[in-house]
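Chains, contacts and geometry: an overview
Here is how the chains run, residue by residue.
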Amino acid sequence: MRLYGDAMSVQKKKISAVFSYCKLAAALIMMAVMAYAFTFYLDGDIGVVIWSFLIIAPLLSILLAFLARKHVKIQLEAPTYVIKGRGFSPTIRLTADGRLPIPFLRCTMRQNANFTPVDDRTVQCALIAGQMQEIQYSMTAAYAGCGAFSMDNVTVSDYLGLVNFSVKELPEAVKIGVIPEIPSLTGAAVMLHAVSDVVMTHDDDEEESSAAFSSVSMPGYIHRDYVPGDNLRRINWKLSAKRNKLMVRMDEAAATVRPSVILDLQYADQTTEQLKMRETLMEGALGFLMLLVQQGIACSLRFASEGVWKCFVLENEDAVRTAAVELATADFMHDGCRLDRSALQDKAGAFLIYSATPDISLATTMAEFHDHGFLCCVVPEALQVDEIPNADAVWTLSEDFTMTAQQK
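One structure accompanies this document, and this report is about it. Here the residue numbering is sequential within each chain, running from 1 through the sequence in written order. Local features are withheld for residues below a pLDDT of 70 in this predicted model, meaning they are given only at 70 or higher, and side-chain atom pairs are given and counted only at 80 or more; totals for whole chains, interfaces and linings count all residues. Based on all heavy atoms of the structure, the side-chain values leave hydrogens and waters out of the count.

Remarks on a negative patch on the surface
Surface patches are defined over residues having more than 30% relative accessible area and no salt bridge, joining like charges when they lie within 9 Å and nonpolar side chains (Val, Leu, Ile, Met, Phe, Trp, Tyr) when within 5 Å. Using a 1.4 Å probe, accessible areas were evaluated by the Shrake-Rupley method; residue-level cover was limited to the displayed protein chains. Salt bridge, as used here: a side-chain nitrogen of Lys or Arg that lies within 4 Å of a carboxyl oxygen of Asp or Glu. In this tally Asp and Glu are treated as negative and Lys and Arg as positive; neither His nor the chain ends contributes. The atom standing in for a charge is NZ when the residue is Lys, CZ when it is Arg, CG when it is Asp and CD when it is Glu. On the surface, a cluster of negative charge is made up of Glu 273, Glu 381, Glu 399 and Asp 400. Mapped onto the fold, Glu 381 is located in the loop between strand E20 (373-380) and strand E21 (393-397). Helical segments are the DSSP runs of H or I of at least four residues, strand segments are the runs of E of at least two, and each set is numbered from the N terminus.

Below you can see the structure in the form of structure tokens.
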């Protein structure tokens, strides 16, 4: 097995193909002229041999290659998950299950923008009947999310290299999930305080004498770090003195309020720029979820994949890491609804929507959520969105995970 040719653009490949056909035509014309000269002017017997070679040999070579191409079996094998930034090597298994050898087999691979091939030149090899050959195709996981790896084109050339036949039965593309990172956010304290305040006061807004202050509610069972602006009456001074930092009490009844993070990351196309924005929002959402659970705030993560909305309840850091693995294989294709309406049935208090396409369609869907709690939308900084209708707050998220308030 060896690598054949250099990596070329589509236009260069077309020019190269035309040039190859011209060379082949010139060679055949020269051989025909030589055969004609031998037959009628030099030696008729040699001329007949040359004509036989020019006719029989190419036909036999083309026929054998045409029959052999139907016996090429191809399998793709790749890891289900890879870590972002790491290199990996999917395996290409080629087998000739017929009696004829495969003279020249060329395989062109295809991968989406999630991956960067280490060497994307065409793979060329020959196969003996009954032999299996394994080829390692090295790539690097560039962007987090669900990527695909497949065979773009497989051709079998005849023994003389005159004609190429395409192999029709190609394996299905394999999905590879690139696990996103969980970054540290800059400037998220204000949004964290807003969500924390919703969690602590949601029950009080509905009923002042809630179970949060009853004898069976066990006030002070759950605590988080103090954030400037928190109600001073909720500070547990005894625990704060022991830990040498201010700790805010989260009563059991209030802890049942779970903020909901909803990912709206569907793209019709997946350019490199779009994948980068999706990755930023995905990792930014995981970073904020980690902040919530570190403060003792249970929350839920909702995203669509293959037309079905999924929900994960996150109560600790391990749950957030597990959610990151789940996001790696999600394609974010929804059922036609931009947001998961089942979130309205939960006691969320706050809805944090991370959207890659904050348009009027999203604003219309958000109107259904407006009366059910605090509604915040996080968008990529590159989109330069200043305001979104029906949103209580709009934040932008940069590629270095800096959050900036645009609408309050």
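Things to note about helix H7 (residues 317-328)
Expected helix span is computed as 1.5 Å times (number of residues minus one). Under the 1.5 Å per step criterion, the end-to-end length of H7 is 17 Å for 12 residues, consistent within 8% with the ideal 16 Å. Looking at H7, one finds that the buried residues are Ala 319, Val 320, Ala 323, Ala 324, Leu 327 and Ala 328. In this structure Asn 316 caps H7, since a side-chain oxygen of it lies 3.2 Å from the backbone nitrogen of Asp 318. For every residue, the accessible area obtained with a 1.4 Å probe (protein chains only) is divided by the maximum for its type, and the residue is called buried under 20%, exposed over 50%, and partly exposed between those limits. Pairs of N or O atoms are called polar contacts if they sit within 3.5 Å, as long as, within protein, a hydrogen donor faces a hydrogen acceptor (for residues adjacent in sequence, only side-chain-to-side-chain pairs).

Notes on the pairing of strand E16 (residues 260-264)
Summarising burial for E16: 5 of the 5 residues are buried, a large majority. Side-chain alternation along E16 places Ser 260, Ile 262 and Asp 264 on one buried face and Val 261 and Leu 263 on a second face that is also buried. Strand direction decides the pairing type here: E16 and strand E17 (residues 299-305), joined by 3 bridges, are parallel. From the neighbouring strand, Val 261 faces E17, where its bridge partner is Leu 301. The sheet contact formed by E16 and strand E19 (residues 349-355) spans 5 bridges and is parallel. Opposite Ser 260, over in E19, you have Phe 351 as the bridge partner. Note: two strands are recorded as paired if DSSP finds a minimum of 2 bridges between them.

Section: the pairing of strand E2 (residues 72-77)
Covered by surrounding structure in E2 are Val 72, Ile 74 and Leu 76 only, the residues Lys 73, Gln 75 and Glu 77 on the alternate face being uncovered. Pairing between E2 and strand E5 (residues 91-96): 6 bridges, direction antiparallel. Bridge assignment links Gln 75 to a residue of E5, and that residue is Arg 93.

Describing the sheet that holds strand E10 (residues 139-141)
Read across the open sheet, the 3 strands follow the order E4-E10-E7; overall the sheet is antiparallel. Of all the strands in the sheet, the pair left with one neighbour each is strand E4 (87-88) and strand E7 (115-117). Where E4 meets E10, 2 bridges bridge the pair, whose relative direction is antiparallel. Bridge assignment links Gly 87 to a residue of E10, and that residue is Thr 140.

Thoughts on the state of the cysteines
In this description, a disulfide is simply a cysteine sulfur pair whose atoms lie within 2.5 Å. A full pass over the atoms with the stated rule returns 0 disulfides. Here Cys 376 stays free of any disulfide, with the sulfur of Cys 377 as its closest cysteine sulfur at 7.2 Å.

Let's talk about the environment of Ala 330
Relative to the assigned elements, Ala 330 resides in the loop between H7 and E19. Judged by relative accessible area, which is 2%, Ala 330 ranks as buried. In sequence terms Ala 330 and Cys 146 are 184 residues apart; their C-alpha atoms lie 5.9 Å from each other. The residues contacting Ala 330, other than those within four sequence positions of it, are Cys 146, Phe 303, Ala 304 and Ser 305. Any two residues whose heavy atoms approach within 4.5 Å at even a single point are treated as in contact.

Here we look at the nonpolar core
By size, the foremost hydrophobic cluster in this structure holds 46 residues, and its most contacted members are Leu 263, Phe 288, Leu 289, Leu 301, Leu 314, Tyr 354 and Val 378. Looking at this core, the elements that each hand over two or more residues are helix H3 (189-206), E16, helix H6 (272-294), E17, H7, E19, E20 and E21. Contact partners of Leu 301, with chain neighbours within four places excluded, come to Val 261, Leu 263, Leu 289, Lys 310, Cys 311, Phe 312, Leu 314, Ala 323 and Leu 327. Grouping buried Ala, Val, Leu, Ile, Met, Phe, Trp, Tyr and Cys residues that are joined through side-chain atoms within 4.5 Å yields what is termed a nonpolar core. Formed by 31 residues, the second largest nonpolar core is a distinct cluster that contains Ala 65, Val 72, Phe 88 and Phe 149.

Topic: a nonpolar patch on the surface
A cluster of nonpolar side chains, Ile 55, Ile 56, Leu 59 and Leu 60, forms an exposed patch at the surface whose accessible area comes to about 400 Å². Structurally, the position occupied by Ile 55 is in helix H2 (residues 44-68).

Focus on the sheet that holds E5
Neighbouring strands of a sheet are bound in pairs by backbone hydrogen bonds; such pairs are parallel or else antiparallel. Strand order in the open sheet formed by 3 strands is E2-E5-E9, and the pairing between neighbours is antiparallel. Of all the strands in the sheet, the pair left with one neighbour each is E2 and strand E9 (132-136). Across the sheet, the axes of successive neighbouring strands diverge by a mean angle of 20 degrees, strand direction being ignored. The sheet contact formed by E5 and E9 spans 5 bridges and is antiparallel. Counted as the bridge partner of Leu 94 is Gln 133 from E9. For every element, the axis is a line fit to its C-alpha atoms; helices are fit only across the contacting stretch, and the angle between N-to-C directions ranges from 0 to 180 degrees.

These values are about where atoms sit, not about what they do.
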